[in-house]
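# Summary of structural features
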Amino acid sequence: KQPKILIRRQTDLEENHFSAPYTIDELNAGISHLKKSKAAGLDDICTEQIKHFGPVTKSWVLCLFNNCSSTLRIPKLWQQAHVIALLKPGKDTSDPKNFRPISLLCHLYKLYERLILNCLSPHIEQHLIPEQARFRPGKSCTGQILNITQHIEDGFERGMITGGVFVDLSAAYDTV
């Protein structure tokens, strides 16, 4: 039996955009964002396979995602990762500290996360301050450097003194 494919209406979004079921268009948009040539997770499903899903498989996946949303539960396999160690460039293989762990997650789980992100982003974006740049499209570290440089220059032209505190958190999570 083929699951029913839902179409999200504008009124559904206005009333309660977080409880409305995902649509086939949203699934297709999420699939189009999957990157090619990525290693598979524990389910051994590659992104290339997902990109070639037919209508019946997409309907089944959509039904799975909507079930996850309505029950607030995800498959146990999605809660696991395949961890591999990659050697840092130019480092000696005999020292374990020269490797960095990488967690390979299931691509269906990543696709489900993408659908959630696409649903939440428009509503969260309007509440973020302009200075917030991390994980936002069209924002970058270079832009932030330009912004702070402009702020300092504007203050200098008005005879103001500008101070700054910079904290390097690049290794903050190595000890957690």
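Structural notes, computed from the coordinates. (Residues numbered from 1 in each chain as written. Predicted model: local features only at pLDDT ≥ 70, side-chain atom pairs only at ≥ 80, totals over all residues. Heavy atoms only, no water.)

### Some remarks on the overall build of the protein
As a reminder, the rule being used: The way it works is that DSSP assigns letters per residue, a run of H or I at least four long becomes a helix, a run of E at least two long becomes a strand, and they are numbered from the N terminus. Accessible area is worked out with a 1.4 Å probe on protein chains only. A residue is then buried under 20% of its type maximum, exposed over 50%, and partly exposed in between. Contacts are residue-level and defined by heavy atoms, with any inter-residue pair within 4.5 Å sufficient. The protein chains shown are the only cover counted for residues, whose accessible areas, like all others here, come from Shrake-Rupley with a 1.4 Å probe.
Counting its secondary structure elements, the protein contains six helices and two strands. Going through the 176 residues of the protein one by one, you find that 22% of them count as buried. Looking at the protein alone, contacts between residues at least 24 apart form 51% of all its contacts between residues at least 6 apart. Accessible surface for the protein amounts to roughly 13,500 Å². Of this, 58% is attributable to carbon and sulfur atoms.

### Considerations on the nonpolar core
For soluble globular proteins, the rule of thumb is that nonpolar side chains tend to be buried together. Rule in force here: Throughout this description, the term nonpolar core refers to a set of buried Ala, Val, Leu, Ile, Met, Phe, Trp, Tyr and Cys residues connected via side-chain atoms within 4.5 Å.
Within the largest apolar cluster, 20 residues are counted, with the highest numbers of intra-cluster contacts made by Tyr22, Leu27, Ile50, Phe65, Trp78, Leu108 and Leu111. Secondary structure elements with two or more residues in this core: helix 2 (24-32), helix 4 (55-71) and helix 5 (107-125). For this core, the leading source of residues is helix 5, giving six residues. What Phe65 contacts, discounting residues up to four positions off in sequence, is Tyr22, Leu27, Trp78, Leu108, Leu111, Tyr112 and Leu115.

### Some details on unusual backbone geometry
A positive phi is found at Ser37, a non-glycine position, where the angle reads about 60°. A relative accessible area of 67% places Ser37 in the exposed class.

### Concerning helix 5
Put simply, the rule reads: By this rule the span expected of a helix is its residue count minus one, scaled by 1.5 Å. Bend, in this description, refers to the angle at a residue between axes fitted to the seven residues ending there and the seven starting there.
Counted at 1.5 Å a residue, the expected span for helix 5 with its 19 residues is 27 Å, and the 25 Å between its end C-alpha atoms agrees. Residue Cys119 marks the point of greatest curvature in helix 5, where the axis turns by about 30°; the proline Pro122 follows within four residues. Every buried residue of helix 5 is listed here: His107, Leu108, Tyr109, Leu111, Tyr112, Leu115 and Cys119. Packed against the buried residues of helix 5 are helix 2, helix 3 (47-51) and helix 4.

### Re helix 2
We apply this condition: What the arc measures is the spread of directions leading from the helix axis to the C-beta atoms.
Of the positions making up helix 2, those classed as buried are Ile24, Leu27, Gly30 and Ile31. On an axial view of helix 2, the arc spanned by its buried residues comes to 120°, and they lie on one face. Residues of helix 2 that are exposed and point more than 90 degrees away from the buried face comprise Asp25 and Ser32. Looking at the buried positions of helix 2, the neighbouring elements they touch are helix 3, helix 4 and helix 5.

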